[in-house]
Amino acid sequence: MDVQALRARADELMAQFERMRSGVGDLQQQLKTVKATVTSEDGLVTVTVGPRGQVTKVEFDPRIYRRPNSKELSATVTETIRRATEQAMAEVEKLVRPFVPDSQFQAYIDHDLDGIFRQLDSELPGEERR
(Lines give C-alpha, C1' and ligand atoms only; values in the text may rest on other atoms or scores of the structure.)
Protein backbone atom coordinates (compact mmCIF):
# COMPACT_ATOMS: atom_id res chain seq x y z
CA MET A 1 0.00 0.00 0.00
CA ASP A 2 1.36 3.41 -0.99
CA VAL A 3 1.14 5.42 2.23
CA GLN A 4 1.93 8.69 0.50
CA ALA A 5 -0.90 8.22 -2.02
CA LEU A 6 -3.26 7.29 0.78
CA ARG A 7 -2.23 10.37 2.76
CA ALA A 8 -2.69 12.60 -0.33
CA ARG A 9 -6.18 11.16 -0.88
CA ALA A 10 -7.02 11.69 2.82
CA ASP A 11 -5.85 15.32 2.55
CA GLU A 12 -7.98 15.79 -0.57
CA LEU A 13 -11.03 14.34 1.19
CA MET A 14 -10.45 16.55 4.23
CA ALA A 15 -10.21 19.64 2.01
CA GLN A 16 -13.44 18.59 0.30
CA PHE A 17 -15.09 18.06 3.68
CA GLU A 18 -13.95 21.48 4.94
CA ARG A 19 -15.23 23.16 1.77
CA MET A 20 -18.58 21.43 2.19
CA ARG A 21 -18.79 22.18 5.92
CA SER A 22 -17.98 25.86 5.50
CA GLY A 23 -20.60 26.40 2.82
CA VAL A 24 -23.34 23.99 3.80
CA GLY A 25 -25.42 26.50 5.77
CA ASP A 26 -25.57 28.95 2.89
CA LEU A 27 -26.16 26.12 0.44
CA GLN A 28 -29.12 24.84 2.46
CA GLN A 29 -30.68 28.29 2.52
CA GLN A 30 -30.13 28.76 -1.22
CA LEU A 31 -31.56 25.32 -2.00
CA LYS A 32 -34.70 26.08 0.01
CA THR A 33 -35.40 29.11 -2.17
CA VAL A 34 -35.00 27.35 -5.52
CA LYS A 35 -38.15 27.43 -7.58
CA ALA A 36 -38.96 27.53 -11.25
CA THR A 37 -42.08 28.96 -12.82
CA VAL A 38 -42.85 28.05 -16.42
CA THR A 39 -45.78 29.04 -18.60
CA SER A 40 -46.91 26.76 -21.41
CA GLU A 41 -46.28 27.87 -24.98
CA ASP A 42 -49.97 28.68 -25.44
CA GLY A 43 -49.96 30.75 -22.24
CA LEU A 44 -52.82 28.80 -20.68
CA VAL A 45 -50.94 26.88 -17.97
CA THR A 46 -48.38 28.16 -15.47
CA VAL A 47 -46.59 25.75 -13.14
CA THR A 48 -44.25 26.46 -10.23
CA VAL A 49 -42.03 23.73 -8.79
CA GLY A 50 -39.67 23.61 -5.83
CA PRO A 51 -36.07 22.43 -5.49
CA ARG A 52 -36.90 18.72 -5.80
CA GLY A 53 -39.21 19.26 -8.74
CA GLN A 54 -42.31 19.07 -6.56
CA VAL A 55 -45.26 21.00 -7.93
CA THR A 56 -46.14 23.88 -5.62
CA LYS A 57 -48.60 25.78 -7.79
CA VAL A 58 -50.62 25.30 -10.98
CA GLU A 59 -52.51 28.17 -12.57
CA PHE A 60 -54.92 28.06 -15.50
CA ASP A 61 -55.68 31.06 -17.64
CA PRO A 62 -59.49 31.54 -17.91
CA ARG A 63 -59.19 31.19 -21.69
CA ILE A 64 -58.66 27.48 -21.08
CA TYR A 65 -62.43 26.99 -20.90
CA ARG A 66 -62.80 28.04 -24.54
CA ARG A 67 -61.00 24.86 -25.65
CA PRO A 68 -62.41 21.98 -23.59
CA ASN A 69 -59.99 19.29 -24.80
CA SER A 70 -58.97 17.34 -21.71
CA LYS A 71 -56.26 15.32 -23.48
CA GLU A 72 -54.64 18.46 -24.83
CA LEU A 73 -54.86 20.12 -21.41
CA SER A 74 -53.32 17.07 -19.75
CA ALA A 75 -50.43 17.05 -22.24
CA THR A 76 -49.90 20.80 -21.74
CA VAL A 77 -49.85 20.49 -17.95
CA THR A 78 -47.46 17.52 -18.08
CA GLU A 79 -45.05 19.24 -20.47
CA THR A 80 -45.12 22.46 -18.44
CA ILE A 81 -44.34 20.54 -15.24
CA ARG A 82 -41.48 18.76 -17.01
CA ARG A 83 -39.97 22.04 -18.19
CA ALA A 84 -40.32 23.68 -14.77
CA THR A 85 -38.75 20.66 -13.07
CA GLU A 86 -35.87 20.73 -15.55
CA GLN A 87 -35.24 24.40 -14.73
CA ALA A 88 -35.35 23.83 -10.97
CA MET A 89 -32.99 20.87 -11.19
CA ALA A 90 -30.55 22.90 -13.30
CA GLU A 91 -30.51 25.58 -10.58
CA VAL A 92 -29.95 22.95 -7.86
CA GLU A 93 -27.12 21.46 -9.91
CA LYS A 94 -25.51 24.89 -10.29
CA LEU A 95 -25.65 25.46 -6.52
CA VAL A 96 -24.37 21.99 -5.55
CA ARG A 97 -21.62 21.59 -8.16
CA PRO A 98 -18.90 23.48 -6.20
CA PHE A 99 -19.32 21.06 -3.29
CA VAL A 100 -19.05 17.77 -5.18
CA PRO A 101 -16.06 16.51 -7.18
CA ASP A 102 -16.74 16.21 -10.91
CA SER A 103 -16.01 12.49 -10.84
CA GLN A 104 -18.85 11.95 -8.34
CA PHE A 105 -21.28 14.64 -9.44
CA GLN A 106 -23.66 12.56 -11.56
CA ALA A 107 -23.93 9.91 -8.83
CA TYR A 108 -24.83 12.63 -6.31
CA ILE A 109 -27.45 14.10 -8.64
CA ASP A 110 -28.91 10.63 -9.24
CA HIS A 111 -28.79 9.82 -5.48
CA ASP A 112 -26.67 6.78 -6.44
CA LEU A 113 -24.86 5.90 -3.21
CA ASP A 114 -23.46 2.70 -4.71
CA GLY A 115 -21.95 4.74 -7.52
CA ILE A 116 -20.44 7.21 -5.06
CA PHE A 117 -18.87 4.44 -2.99
CA ARG A 118 -17.58 2.63 -6.11
CA GLN A 119 -15.95 5.88 -7.23
CA LEU A 120 -14.36 6.41 -3.82
CA ASP A 121 -13.15 2.79 -3.73
CA SER A 122 -11.62 3.10 -7.18
CA GLU A 123 -9.58 6.09 -6.03
CA LEU A 124 -8.09 4.33 -3.02
CA PRO A 125 -4.72 2.70 -3.57
CA GLY A 126 -4.70 -1.05 -3.14
CA GLU A 127 -3.02 -4.17 -4.28
CA GLU A 128 -6.16 -5.82 -5.64
CA ARG A 129 -9.44 -4.47 -6.88
CA ARG A 130 -12.65 -6.33 -6.22
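My aim in this report is to walk through the structure given alongside it, one point at a time. (Residues numbered from 1 in each chain as written. Predicted model: local features only at pLDDT ≥ 70, side-chain atom pairs only at ≥ 80, totals over all residues. Heavy atoms only, no water.)

### Things to note about the overall build of the protein chain
Our working definition: The secondary structure listing takes helices from DSSP runs of H or I that are at least 4 residues long and strands from runs of E that are at least 2 residues long, numbered from the N terminus. Any residue under 20% of the maximum accessible area for its type is buried, any over 50% is exposed, and the rest in between are partly exposed; the area is computed with a 1.4 Å probe on protein chains only. By definition, residues are in contact when any of their heavy atoms lie within 4.5 Å. To measure how exposed things are, a 1.4 Å probe is used in the Shrake-Rupley method; for residues, cover is taken only from the protein chains shown.
Helix and strand content of the protein chain: four helices and three strands. N-terminal to C-terminal, the α/β element order of the protein chain is α-β-β-β-α-α-α. The 130 residues of the protein chain split such that 25% are buried. For the protein chain, restricting intrachain contacts to residue pairs at least 6 apart in sequence, the fraction spanning at least 24 positions comes to 50%. When the accessible area of the protein chain is evaluated, it comes to approximately 9500 Å², of which 53% is carbon and sulfur surface.

### Notes on the sheet that holds strand 1 (residues 36-39)
Inclusion rule: Two strands qualify as a pair provided DSSP detects at least 2 bridges between them. Note on geometry: axes are C-alpha line fits, over the in-contact stretch for helices, and angles between N-to-C directions span 0 to 180 degrees.
Taking strand neighbours across the sheet as the criterion, the three strands line up as 1-2-3 in an open arrangement whose pairing is antiparallel. Looking along the sheet, the strands with just one partner apiece sit at the ends: strand 1 and strand 3 (55-60). On average, each strand axis in the sheet is inclined to that of its neighbour by 10 degrees, with strand direction left out of account. Pairing geometry for strand 1 and strand 2 (residues 45-49), over four bridges, is antiparallel. Residue pairing in the sheet places T39 in a bridge with T46 of strand 2.

As far as function goes, none of this settles anything; it's purely spatial.
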